[in-house]
Amino acid sequence: VFFAVAIIIAGESFIVSKYTLISAVIFGFVTTASQYFCLLSMKLGPMSFSVLFTYLSALIPTVFGIFYRGIYPTAIQIIGLVFMIITFLLSIDSDKNSGMSVKWFLAVAGSFLGMGLIGVCQTVHQTSSHASEINGLLFWAFVFAFIFFTILYIPYSIKAKKEGLKKKEYKAIDWCSMTLT
């Protein structure tokens with residue numbers, strides 16, 4: 001909401017090219033999916049590992065940049081990536097009761113992939129001939145993310161009411177989903 005108001009005040013145009021609009025739909029979907037899977041992974045398993053795996057997704061745009069754009073990371077970026085990988089390796093818990101399950105792993109993999117693809121979507125759009133439409137891209141991407149979150153929320157709220165969750169519990173989820181967009 002704040003971003004939309006800021007764009008209106010700044011006098012930005014909401015009219016964008018077809019390429020940017022398609023990019024915004026993809027960006028909005030990827031953003032929604034990554035947040036959904038991130039929240040799901042924290043619900044299903046250990047939060048610390050969920051966040052760690054999610055932020056390891058920085059590897060995806062880095063690898064994309066190396067192989068598809070010929071852009072190599074700086075020494076500081078390489079050191080940061082090495083520390084992320086070391087943190088991951090030191091965090092591996094062989095305890096069977098750690099809360100890590102197949103469902104959790106699939107959710108965290110979705111979060112990892114989604115967060116990484118956000119960076120790839122940004123790079124692809126910003127290196128295209130439509131890079132000047134960045135404000136329109138972001139505006140429409142978050143409009144679409146809001147729509148996708150709403151589509152996800154409706155069945156959840158119906159299920160929550162059927163299962164007898166208190167309004168306070170599912171209103172918190174509603175607030176969280178709307179805040180994330």
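Keep in mind that what you see is a predicted model, and the values were worked out from it rather than measured.

### Observations concerning helix H4 (residues 59–69)
- What H4 keeps buried is the set Ile60, Phe64 and Gly65. The buried residues of H4 occupy one face: seen down the axis, they fall within an arc of 135°.
- Structurally, H4 contributes buried residues whose contacts are with helix H6 (102–126).
- Once H4 ends, the next one or two residues include Gly70, with phi positive near 70°.

### Observations regarding the nonpolar core
- Of all hydrophobic cores here, the largest spans nine residues; its members are Ala24, Phe27, Val30, Met115, Ile118, Cys121, Leu137, Ala141 and Phe144.
- Of all the secondary-structure elements, those providing two or more residues to this core are helix H2 (18–44), H6 and helix H7 (134–162).
- Membership of the second largest hydrophobic core comes to five residues, among which are Phe49, Leu56, Trp104 and Val108.

### With respect to the confidence of the model for the protein
- With 79% of its residues at a pLDDT of 70 or more, the protein shows a mean pLDDT of 81.
- Considering each helix and strand of the protein separately, the mean pLDDT is smallest for helix H8 (residues 167–180), with a value of 51, and largest for H2, with 93.

### Some words on the side chain of Thr54
- Residue placement: Thr54 occurs in helix H3 (residues 47–55).
- A distance of 2.7 Å separates a polar atom in the side chain of Thr54 from a polar atom in the side chain of Ser111.
- Sequence-distant contacts of Thr54, defined by excluding residues within four places in its chain, comprise Cys38, Ser111 and Met115.

### Notes on the packing of H2 against H6
- Direction vectors running N to C along H2 and H6 enclose 155°, while the axes themselves pass 7 Å from each other. Between H2 and H6, the crossing angle belongs to the class labelled roughly antiparallel. Crossing of H2 over H6 shows left-handed handedness.
- Partitioning the contact of H2 with H6 into residue classes produces 16 nonpolar, eleven polar and one charged.

Definitions and cut-offs
- Residues numbered from 1 in each chain as written.
- Predicted model: local features only at pLDDT ≥ 70, side-chain atom pairs only at ≥ 80, totals over all residues.
- Heavy atoms only, no water.
- Buried < 20%, exposed > 50% of the residue type's maximum accessible area, 1.4 Å probe, protein only.
- Helix = DSSP H or I, 4+ residues; strand = E, 2+ residues; numbered from the N terminus.
- Arc of directions from axis to C-beta.
- Contact = heavy atoms within 4.5 Å.
- Core = buried A, V, L, I, M, F, W, Y, C linked by side-chain atoms within 4.5 Å.
- pLDDT = per-residue confidence, 0-100.
- Polar contact = N/O pair within 3.5 Å; in protein donor to acceptor, adjacent residues only side chain to side chain.
- Axes fitted to C-alpha atoms, helices over the stretch in contact; angles between N-to-C directions.
- Parallel < 35°, antiparallel > 145°, perpendicular 65-115°, else oblique.
- Left-handed = near helix turned anticlockwise from the far one by under 90°.
- Nonpolar A, V, L, I, M, F, W, Y, C, P; charged D, E, K, R; others polar.

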